[in-house]
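Structural overview
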Amino acid sequence: QVQLQESGPTLVKPSQTLSLTCNVSGGSITTNYYAWSWIRQPPGKGLEWIGYITYSGSSYYSPSFETRTSISRDMSKNQFTLHLRSVTPEDSAVYYCARDPPGGGYFDEWGQGTQVTVSS
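Residues numbered from 1 in each chain as written. Predicted model: local features only at pLDDT ≥ 70, side-chain atom pairs only at ≥ 80, totals over all residues. Heavy atoms only, no water.

Mapped onto the elements, T54 comes out in strand β5 (residues 48–54). There is a polar contact of 3.0 Å between the side chain of T54 and the side chain of S56. Excluding residues within four positions of it along the chain, T54 makes contact with Y34, A35, Y60 and R73. (Helix = DSSP H or I, 4+ residues; strand = E, 2+ residues; numbered from the N terminus. Polar contact = N/O pair within 3.5 Å; in protein donor to acceptor, adjacent residues only side chain to side chain. Contact = heavy atoms within 4.5 Å.)

The topology assignment puts D91 in the loop between β8 (79–84) and β9 (93–100). The exposure class of D91 is buried, given its relative accessible area of 2%. Beyond its immediate sequence surroundings of up to four residues, D91 is in contact with R40, R68, L84, S86 and V118. (Buried < 20%, exposed > 50% of the residue type's maximum accessible area, 1.4 Å probe, protein only.)

Moving on, we get to unusual backbone geometry. Backbone torsion omega between N32 and Y33 reads -10°, so that peptide bond is classified as cis. Its location among the elements puts Y33 in the loop between β3 (18–25) and β4 (35–41). The phi dihedral of N78 is positive, around 55°, even though this residue is not glycine. On the secondary structure map, N78 appears in the loop between β7 (69–74) and β8. Taking relative accessible area as the criterion, N78 reaches 15% and is therefore assigned buried. For S86, which is not a glycine, the phi torsion comes out positive at approximately 50°. Summarising the element assignment, S86 is placed in the loop between β8 and β9. Overall, S86 belongs to the partly exposed group, its relative accessible area being 36%.

So this is what it looks like as structure tokens:
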């Protein structure tokens, strides 16, 4: 069974870059034809999809995030990482990593989520 676990800072200062890593166990991030996503939920709001990296290493982002977001992977560690630049308090949210199966439409595996606060 595949398991996902987010890790990274819980507090980030405005204007800094938020970097979060998703560690994957029980399955390879290079397995055809899955993609690996980052999603967040700000307080009082719904889920927001940020972007994903595919099994082949191509990254795709929501238009709302593409100017300040990058997703990379480390195949030797079986993990992928979100980098969100120039954060503001509006970026405070619970951040999740999740697996997107071939065919799309839903996420079949989720991490537990990690709460990030952007504040001075």
